[in-house]
Amino acid sequence: MKGKTVLLMIVSTIAFAVVNGIVKYLDGYGEYQLVFFRCIVSLSISFIQLKTLRIPIWGNNKPVLITRGVAGVIALVMGFALIKNIPLGTAVMLIYLSPIFTALIAVYWLKEKIKSVQWLYLLVCVFGVFILKKGEISLTLEMLLLGLGASSIAGLAYNCVRVCRKTDHPLVVVFYFPLIGAPISFLLIFLFQEWVWPTMQDWLLILALGGFTQIAQIALTKALQGDTAANAIVLKYLGVIHAFFIGWFFFNETITLLSTAGIVIVLIGIILFSWKTKSKKQIIN
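This write-up is about the structure you can find in this document. Not measured: the values here are computed from a predicted model. (Residues numbered from 1 in each chain as written. Predicted model: local features only at pLDDT ≥ 70, side-chain atom pairs only at ≥ 80, totals over all residues. Heavy atoms only, no water.)

Another point: the packing of aromatic side chains. The final tally for this structure, using the stated rule, is 12 aromatic pairs. Considering the side-chain rings of Y29 and F37, the 6.2 Å spacing of their centres and the 75 degrees angle between planes classify their relative orientation as edge-to-face. Residues Y29 and F37 agree in their burial class; the two are buried. For the pair W195 and W197, a centre-to-centre distance of 5.5 Å together with 70 degrees between the ring planes defines the contact as edge-to-face. In textbook terms, an aromatic cluster arises when at least three aromatic residues are bridged by ring pairs, as seen for Y29, F36, F37, F186, W195, W197 and W203. (Phe/Tyr/Trp six-rings, centres within 6.5 Å; stacked < 30°, edge-to-face > 60°. Buried < 20%, exposed > 50% of the residue type's maximum accessible area, 1.4 Å probe, protein only.)

Okay, structure coming up:
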């Protein structure tokens, strides 16, 4: 795994952790409205960046870009609903099962190879995630299926990003997410939820929600386009650890001994998956 990929994914997971914390805090708003807020701020920032850098905004691989946007917004709505209804750490744990689906889809779609021992390390990560679950509240079947759905659809979105790595600028890939997500989420608000006007304090949090989203998306997109999907996405498991600590510190969600054990197991899985013995030739190059 490339050192740059590790750095980018650390930045991305921390930024996403802040986003998830804000979503948890803004519990007076429906998930569709929160998705709309996130998309509209990110859309504005992306548009300004693309125009400033004089990058064509519509991209080249439009079918895959649109698929990435649709899959991304569906996964996001499901993820936000999960975050709002169960403890933050447990919600993110389920959402971040996406590396497994990402790796599986990449094997068949992108023809990427994963060594047998790396599958074992991925299973270590999954085992750690389920230990974390044991340390939290029991999940209803509905919430469990919602989490698995969000993670599997997110896996599709991440592979779309990988497909576009040779055809489109990372900012264009990031731009398509809110471009598709803003109108879809606004329509969902109109159909299923009542609009709630934010207070001045909440507007500041909404701006932060969009800003940190932009940082997280750009870092994630560059990581996905610069390394294999499995290598980049497995580091998203760090987000589970961030989420448990944010839930504990800001929302008084208990971290049990089992939760701590799960965190350690996840970290071990990440380190083992990421570590590769480099040959002398590789080091010289």
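Now for the state of the cysteines. Think of a disulfide as a covalent bridge from one cysteine sulfur atom to another cysteine sulfur atom. Using the criterion set out here, one finds zero disulfides in the structure. Here C39 is not disulfide-linked; the sulfur of C160 is the nearest cysteine sulfur, at 16 Å. On the basis of relative accessibility, which here comes to 2%, the residue C39 falls in the buried class. (Disulfide = S-S within 2.5 Å.)

Turning next to unusual backbone geometry. Residues other than glycine seldom take positive phi values, yet R54 does so here, at roughly 55 degrees. Mapped onto the elements of the fold, R54 is located in the loop between α2 (31-52) and α3 (62-85). Of note in the backbone geometry, N252 takes a positive phi value of approximately 55 degrees without being a glycine. Here N252 shows up in the loop between α11 (238-251) and α12 (257-274). Since its relative accessible area comes to 69%, N252 is described here as exposed. (Helix = DSSP H or I, 4+ residues; strand = E, 2+ residues; numbered from the N terminus.)

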